[in-house]
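# Survey of secondary and tertiary structure
Chain by chain, the residues run as shown.
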Amino acid sequence: MDVIRIVIEVVVFIYIASFFLYIVRLIKGPTLFDKVLVVDAFSYDLMVFMALIAIYTGNPYMASPMVLVALWAFALDMYISKIVEYGDIGE
């Protein structure tokens, strides 16, 4: 069990470093599509990060926030695609 904890701790530091890289790319992203891709990648990495924390702490209640993050990322994609296609969110 100690090996799993050590691996999770190392992977958590890697995820934290990738979060900083995502923030830099979000700020410097030349186009809207780059920024949407960064937010998607950040959202999915956040879900994996939450799963790792749930495994590390033994807390099974982290599953419902992970689903909410996935739905938020999907809603963002739909919102941006509708704006790009129609020029307005409309109804």
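Keep in mind that this is a model prediction, so the values were computed, not measured.

Right, let's get into the overall build of the chain. Along the chain, the regular secondary structure elements total 3 helices and 0 strands. When the helices and strands of the chain are listed from N to C terminus, the series reads α-α-α. Against the globule reference of 12 Å for 91 residues, the chain gives a C-alpha radius of gyration of 16 Å, more extended than a compact globule. Overall size of the chain, expressed as C-alpha extent along the three principal axes, is 55 × 30 × 10 Å. Taking the intrachain contacts of the chain between residues at least 6 apart in sequence as the baseline, contacts between residues at least 24 apart amount to 54%.

For the rest of this paragraph, the subject is the side chain of Asp77. Inspection of the secondary structure puts Asp77 in helix α3 (residues 63–86). Here Asp77 sits buried without a salt bridge, and the closest side chain of opposite charge, Lys35, lies 15 Å off (N-O distance). Ignoring any residue separated from it by four or fewer positions in sequence, one finds Asp77 in contact with Val36 and Asp40.

As a further point, take a nonpolar patch on the surface. Nonpolar side chains collect at one region of the surface, where Phe13, Ile16, Phe20, Ile23 and Ile27 lie side by side and expose about 550 Å² of accessible area between them. A relative accessible area of 65% means that Ile27 is categorised as exposed.

On the UniProt side, "transmembrane region" (unreviewed entry) is annotated at positions that read residues 6–24 and 62–80 here. Along residues 6–24, the helical share is 100% and the strand share 0%, with 28 Å between the first and last C-alpha atoms. Taken end to end, residues 62–80 is 95% helix and 0% strand, and its first and last C-alpha atoms sit 28 Å apart.

Time to look at the environment of Leu68. Secondary-structure assignment places Leu68 in helix α3. For Leu68 and Lys28, which are 40 residues apart along the polypeptide, the C-alpha to C-alpha distance reads 27 Å.

This next bit is on the packing of aromatic side chains. Taken as a whole and assessed by the stated rule, the structure comprises 4 aromatic pairs. Centre to centre, the rings of Tyr22 and Phe42 are 6.2 Å apart; their planes meet at 85°, and the pair counts as edge-to-face. On the criterion of sequence distance, the pair formed by Tyr22 in helix α1 (residues 2–28) and Phe42 in helix α2 (residues 32–57) is long-range, its members being 20 residues apart. By way of ring pairs, the aromatic residues Tyr15, Phe19, Tyr22, Phe42 and Phe49 are connected into one cluster. The positively charged end of Arg5 is found above the aromatic ring belonging to Tyr56, 4.7 Å away from the centroid.

Secondary-structure assignment places Phe49 in helix α2. For the pair Phe49 and Met66, spaced 17 residues apart in the sequence, the C-alpha separation amounts to 9.5 Å. Phe49 has contacts with Val12, Tyr15, Ile16 and Phe19, leaving out every residue within four places of it along the chain.

Conventions and cut-offs
Residues numbered from 1 in each chain as written. Predicted model: local features only at pLDDT ≥ 70, side-chain atom pairs only at ≥ 80, totals over all residues. Heavy atoms only, no water. Helix = DSSP H or I, 4+ residues; strand = E, 2+ residues; numbered from the N terminus. Rg over C-alpha atoms; globule rule 2.2 N^0.38 Å. Contact = heavy atoms within 4.5 Å. Buried < 20%, exposed > 50% of the residue type's maximum accessible area, 1.4 Å probe, protein only. Lys, Arg positive; Asp, Glu negative; His and termini not counted. Salt bridge = Lys/Arg side-chain N within 4 Å of Asp/Glu carboxyl O. Patch = residues over 30% accessible without salt bridge, like charges linked within 9 Å, V, L, I, M, F, W, Y side chains within 5 Å. Areas by Shrake-Rupley, 256 points an atom, 1.4 Å probe, with all protein chains shown as cover. UniProt positions renumbered as here; feature names shortened; annotations may be inferred. Phe/Tyr/Trp six-rings, centres within 6.5 Å; stacked < 30°, edge-to-face > 60°. Lys NZ or Arg CZ within 6 Å of the ring centre and 35° of its normal.

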